[in-house]
Amino acid sequence: MMTIWMKNVAGAEHEMPAGHPEQIARLERVNAALEGPEFFALDMHHAPMAGEADIMLAHPRAYLEGIRRVAPSKGMISLDPDTSMSPATLEAALCGVGGCIAAVDAVMAGEVKNAFVGTRPPGHHAEKTHAMGFCLFGNVAIAAKHALDRLGASRVAVVDFDVHHGNGTQDLLWEEDRALFISSHQMPLFPGTGSASERGAANNVMNVPLAPGSGSDAMREVYANRILPRLEAFAPDLILISAGFDAHADDPLANLNWTTEDFVWLTRKICAVAERVCGGRVVSSLEGGYDLDALAEAVAAHVSVLMEQ
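Residues numbered from 1 in each chain as written. Predicted model: local features only at pLDDT ≥ 70, side-chain atom pairs only at ≥ 80, totals over all residues. Heavy atoms only, no water.

Novice: Looking at this model, I keep getting lost on the pairing of strand S10 (residues 282-286). Mind explaining?
Specialist: Every other side chain in a regular strand lies on the same face of the sheet, so the side chains alternate between the two faces. Within S10, 5 of the 5 residues are buried, which leaves it mostly tucked inside the rest of the structure. Taking every second residue as pointing to the same face, both faces of S10 are buried, with Val 282, Ser 284 and Leu 286 on one and Val 283 and Ser 285 on the other. With 4 bridges joining them, strand S5 (residues 114-118) and S10 adopt parallel strand pairing. Bridge assignment links Val 117 to a residue of S10, and that residue is Ser 285. Direction of pairing for strand S9 (residues 238-243) relative to S10: parallel, over a ladder of 5 bridges. Looking at S10, one finds that Ile 241 is bridged to Ser 284. Handedness of the S9-helix H8 (residues 260-278)-S10 crossover: right-handed. (Buried < 20%, exposed > 50% of the residue type's maximum accessible area, 1.4 Å probe, protein only. Helix = DSSP H or I, 4+ residues; strand = E, 2+ residues; numbered from the N terminus. Pairing = 2+ DSSP bridges. Right-handed = clockwise from strand over helix to strand, strands pointing away.)

Now the structure itself:
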């Protein structure tokens, strides 16, 4: 079976202030990496826009209406110190959600084995009623709710290996006992959440903080001995990945010091669990990663592993 790539065209028009790390060049470099000859077998589709009902799987209507109301037709507005909107931002954010939903549809229907959604803005910091951390809507959390509420999945797991805690995904899935949210992340670091004591309303949240500078060995140890066994025991029908690549040693925003080979190892391990428990069904969505060279290399390595399956 093929791997599908949901390409967010609008994401390459979403502008942020000059000097902002979440820049258009991120997606340009990711797209260029996946357009190389070694990826000709990727089944590329343009991510569709999500509809109102899709957003309301996880966010209230009032929040969506508020975002629509402030969306600029020209110039730029600031939602918080880190998160801005330009004229293309709302479409880009809706395509991020729509791309994740379309990828889940294809994977759950058995049309493809797995999928990568290359999108910006990212989504894992967006809480129910707050945009933050560059994020407007909870792309992966909404995709999880779509699989559960519309496609008949009994259980869905989210694995978030972005260097920052996925506080938004945690907020959106906190009371969802059919979902398991697992986050490994550097601590202390923005947004300041993600302690091991945060376990969800139904013990459905697993946070694994990692110390700054802890590196590859610490990551592999916690995944091999704690995270992957918990994921496999949950036996989800679908595994969603919040694929942030800002734990890379070259990333300017954190210092977990992972290598590209670590992302290869981690992707293979998650896919191996998926093969055993859910027919290999995996949907991965881009989150962070702010060194352009490291991001392009790590995404290419990550997608190469998905294509091996």
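Past the structure itself, the notes keep going.
Novice: Help me out: how do you make sense of the layout of surface pockets in this one?
Specialist: To find leftover empty space, one rolls a probe the size of a water molecule over the atoms. Size it by volume and the largest pocket reaches roughly 180 Å³. Lining of the largest pocket is provided by 15 residues; of these, His 125, Phe 134, His 164, Phe 190 and Leu 253 occupy positions nearest its centre. A per-class count over the lining of the largest pocket returns 6 nonpolar, 5 polar and 4 charged. (1 Å grid on protein atoms, 1.4 Å probe; cavity = no way out; pocket = protein on both sides within 12 Å on 5 of 7 lines; lining within 4 Å. Points joined across faces, edges and corners; volume = space filled by probe spheres on them. Nonpolar A, V, L, I, M, F, W, Y, C, P; charged D, E, K, R; others polar.)

Novice: Explain H8 to me, please; I cannot follow it from the model alone.
Specialist: Since one α-helical turn is 3.6 residues long, residues separated by three or four positions face the same way. When the terminal C-alpha atoms of H8 are compared, their 26 Å separation across 19 residues agrees well with the 27 Å that a helix rising 1.5 Å per residue should span. Among the residues of H8, those classed as buried are Thr 260, Asp 262, Phe 263, Val 264, Trp 265, Leu 266, Thr 267, Ile 270, Cys 271, Val 273, Ala 274 and Cys 278. (Expected span 1.5 Å × (residues − 1).)

Novice: Whenever I open this one, helix H9 (residues 292-308) confuses me. Can you help?
Specialist: Over its 17 residues, H9 runs 24 Å from end to end, which matches the ideal 24 Å to within 8%, given 1.5 Å per residue. Those residues of H9 not exposed but buried are Ala 294, Leu 295, Ala 296, Ala 298, Val 299, Ala 300, Ala 301, His 302, Val 303, Val 305 and Leu 306. Each element contacted by the buried residues of H9 is listed here: strand S1 (3-7), helix H1 (24-34), S5, S9, H8 and S10. (Contact = heavy atoms within 4.5 Å.)

Novice: Could you clarify how one ought to interpret the nonpolar core in this entry?
Specialist: In a soluble, globular protein the nonpolar side chains are often hidden away together inside. Phe 161, Tyr 223 and Ile 239 are the most contacted members of the largest nonpolar core, which totals 49 residues. Top element by residues in this core is H8. It accounts for 8 residues. With sequence-adjacent residues up to four places away left out, Tyr 223 is seen in contact with Val 159, Asp 160, Phe 161, Ser 184, Leu 228, Pro 229, Trp 265 and Leu 266. By size, the runner-up hydrophobic cluster in this structure holds 45 residues, among which are Leu 57, Met 85, Ala 131 and Val 283. (Core = buried A, V, L, I, M, F, W, Y, C linked by side-chain atoms within 4.5 Å.)

Novice: In this structure, what is going on with the pattern of salt bridges? I would like to understand it.
Specialist: The tally for this structure, following the rule as stated, stands at 15 salt bridges. Across the pair Arg 268 and Glu 308 runs a salt bridge whose closest N-O atoms are separated by 3.0 Å. Taken together, the positions of Arg 268 in helix H8 and Glu 308 in helix H9 put the pair 40 residues apart, joining distant regions of the chain. Classification of Glu 308 by relative accessible area gives partly exposed; the value is 47%. Within the structure, one salt-bridge network assembled from shared partners comprises Lys 145, Asp 149, Glu 176 and Arg 178. (Salt bridge = Lys/Arg side-chain N within 4 Å of Asp/Glu carboxyl O.)

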